[in-house]
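Descriptive analysis of the structure
Listed below, chain by chain, are the residues.
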Amino acid sequence: MKVGLTARTEAIAVLEAALPHGGLMTADEDLARFSRDWSGDHHGCPLAVARPRSVAETAAVMRLCSERRIPVVPQGGLTGLVGAAVAAPGANELVISLERLDAVRMVDPIDFAMIVEGGCILENAKKAAEKEDCLLPITFGAQGACQIGGNVATNAGGMNVLRYGMTRDLVLGLEVVLGDGRVWNGLNVLRKDNRGYDLKQLFIGSEGTLGVVTAAALKLFPKPAQVETALIALRSTGEAMALYARARRGCGDLVTAFELILRDGLEVAIRSRDDMADPLERAYPTYVLMELATSAPIDLRTLLETFLSDAQDLVADGVIAQSRAQSQRFWLYRETMVETQGRGGPYLRTDISVPVSKLAIFIDEALGNLNQRYPEALALAYGHVGDGNVHLNVIPPVGATAETITHLFEGAEETIFDVVDRLHGSISAEHGIGRVKQKAFLSRTDGVALDLAFTLKRALDPHFLLSPGRILPAPTSPET
Ligand SMILES: Cc1cc2nc3c(=O)[nH]c(=O)nc-3n(C[C@H](O)[C@H](O)[C@H](O)COP(=O)(O)OP(=O)(O)OC[C@H]3O[C@@H](n4cnc5c(N)ncnc54)[C@H](O)[C@@H]3O)c2cc1C
């Protein structure tokens with residue numbers, strides 16, 4: 001949207017009045033940290049950044065933006081990977097950052113529930129739950145930076161989805177500021193509630209396009225008293241998936257994580273650090289990080305040892321962590337691989353899912369096709385395979401030109417998505433659509449689904465002012 005100089009000055013003046021105590025930032029040096037996401041691939045300077053301290057201030061900002069037709073982008077910890085939370089370049093969008101709305105309103109160990117504000121950093125919410133001997137199970141690499149509002153808006157997953165579900169499965173209620181400034185208070189901690197439509201579901205995974213999440217009521221679980229971690233080597237991804245199916249039954253459904261790392265990925269981690277050696281005596285094509293957890297007084301270690309020794313037909317080698325430090329060391333292989341995979345430059349990220357039973361086929365076919373078509377690039381597959389979710393990322397060769405990289409990313413993405421389509425999977429299991437995956441999403445979504453999506457969008461945001469151009473394309477003029 002084009003905002004003329006006078007309109008811009010006026011808009012900033014009214015927003016400043018609604019947000020006293022430094023709640024509106026306009027100076028270039030202040031805007032910088034809100035203008036670039038974690039990956040560095042997406043940047044865009046906003047009109048200004050609003051940092052409300054209360055739900056009332058958030059509502060005032062939204063009301064003013066609605067009246068003046070100013071586009072708004074809700075922003076959390078900027079760890080989303082689809083270019084949704086930064087202002088679109090040249091679009092004069094107002095960023096509304098939730099970072100000052102970060103309180104833990106309550107934790108109740110009898111309800112096994114907590115109410116947390118949208119700007120609360122996930123790790124802080126997890127620590128608050130732990131103080132009451134409870135577990136907030138959303139767990140992933142960005143938890144020290146991402147916010148609860150961002151987790152809800154992206155329906156975040158992570159390592160423990162196979163046991164506890166996605167964020168959607170953990171949300172009991174929401175408080176949302178709508179595009180016109182009205183507040184919908186749907187906060188409750190009820191486990192069962194069948195009063196009409198389940199409105200909270202509309203906002204979960206909506207990527208900031210339908211409302212601003214100012215608070216969430218979340219399910220908690222007993223904090224595990226025992227956790228056991230094993231690093232297991234296998235001869236193939238097919239055998240890894242067979243082990244997974246067996247582990248669900250053989251370990252009393254106590255599996256909390258089942259992460260796949262292929263040899264290439266492990267080598268990326270090992271090469272990047274002097275203090276990181278091969279974890280086992282020899283190299284294997286496939287590794288799995290498996291974790292069991294329980295709060296019950298059972299012998300978890302013996303359960304895991306017995307399971308692994310009974311699975312000798314699948315397990316080529318493996319080691320069970322003898323201490324918390326050794327378990328953290330196992331997880332470090334995975335984290336290091338994720339952090340260093342890009343060699344500091346751009347790389348293609350995907351976060352697809354297929355039915356769990358088809359995952360090994362997906363990896364073999366997609367990796368095979370990529371290696372055949374782009375032998376000079378490095379394709380890495382890893383992920384939360386217990387959920388059928390794989391990150392298949394493609395790293396360009398060192399020294400590739402910008403043009404080569406663009407062609408590689410377009411071609412490699414289509415190669416990967418072709419296999420996803422054939423296996424009836426999803427092109428996004430975790431990160432969402434944002435701006436980056438919009439074209440691929442629209443071309444794969446049927447007319448009825450798109451019609452329903454536009455109907456919802458128009459009902460809640462008739463002028464397409466909330467995160468315009470994310471998920472759905474914005475009309476050519478936001479006034480229509
Ligand atoms: C190292 C790393 C590991 C990751 N691992 C995982 C993983 O395992 N699983 C997974 O699902 N994701 C993962 N992610 C992606 C990312 O962390 C999640 O999508 C996270 O939930 C985003 O939260 P955020 O606060 O950073 O949101 P942002 O990036 O700031 O925003 C993401 C989207 O949410 C919207 N939004 C943010 N806050 C609000 C709000 N209060 N109200 C309404 N809309 C809002 C934004 O407009 C945007 O559309 C990972 C990212 C990184 C960098």
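Here is what the cut-offs are and how they apply
Residues numbered from 1 in each chain as written. Predicted model: local features only at pLDDT ≥ 70, side-chain atom pairs only at ≥ 80, totals over all residues. Heavy atoms only, no water. Near = heavy atom within 4 Å. Polar contact = N/O pair within 3.5 Å; in protein donor to acceptor, adjacent residues only side chain to side chain. Areas by Shrake-Rupley, 256 points an atom, 1.4 Å probe, with all protein chains shown as cover. Helix = DSSP H or I, 4+ residues; strand = E, 2+ residues; numbered from the N terminus. Nonpolar A, V, L, I, M, F, W, Y, C, P; charged D, E, K, R; others polar. Phe/Tyr/Trp six-rings, centres within 6.5 Å; stacked < 30°, edge-to-face > 60°. Buried < 20%, exposed > 50% of the residue type's maximum accessible area, 1.4 Å probe, protein only. Lys NZ or Arg CZ within 6 Å of the ring centre and 35° of its normal. Pairing = 2+ DSSP bridges. Contact = heavy atoms within 4.5 Å. Axes fitted to C-alpha atoms, helices over the stretch in contact; angles between N-to-C directions.

**A closer look at the site of the ligand**
By nearness alone, 32 residues border the ligand, and Pro74, Gly76, Thr79, Gly80 and Gly157 come closest of all. Within the side chain of Thr79, a nitrogen or oxygen atom sits 2.7 Å from an oxygen atom of the ligand. In this structure, an oxygen atom belonging to the ligand sits 2.8 Å away from a side-chain N or O atom of Thr154. Relative to its free-state accessible area of 970 Å², the ligand is covered by the protein chains to the extent of 95%. At the level of secondary structure, the elements contributing two or more residues to the shell around the ligand comprise β3 (72-75), α5 (148-154) and β10 (212-219). Among the elements that take part in the shell around the ligand, α5 stands out by supplying 5 residues, more than any other. Of the residues belonging to the shell around the ligand, the class tally is 14 nonpolar, 16 polar and 2 charged.

**Let's talk about the packing of aromatic side chains**
Tallied over the full model, the rule gives 4 aromatic pairs. With centroids separated by 5.8 Å and ring planes inclined at 25°, the aromatic side chains of Trp184 and Phe203 adopt a geometry described as stacked. Note that Trp184 is positioned in strand β9 (residues 183-186) and Phe203 in helix α8 (residues 200-203), a separation of 19 residues in sequence. Residue Trp184 is classed as partly exposed on the basis of its relative accessible area, which comes to 22%. According to the relative accessible area criterion, Phe203 is buried, its value standing at 4%. Positioned over the ring face of Tyr284 is Arg282, at 4.3 Å from the centre of the ring. For Lys457, the ring lying beneath its charged end belongs to Phe464, and the centroid distance is 5.3 Å.

**Some thoughts on the sheet that holds β3**
The 4 strands lie next to each other as β1-β2-β4-β3, forming an open sheet whose pairing is mixed. For this open sheet the edge positions go to β1 (24-25) and β3, each flanked by a neighbour on one side alone. Here 2 bridges tie β1 to strand β2 (residues 48-50), and the two strands are oriented antiparallel to one another. Within the sheet, the bridge partner assigned to Met25 lies in β2 and is Val49. In the packing of helix α3 (residues 55-68) onto the sheet, the strands contacted are β2, β3 and β4 (94-97), and the crossing angle to β4 comes to about 165°.

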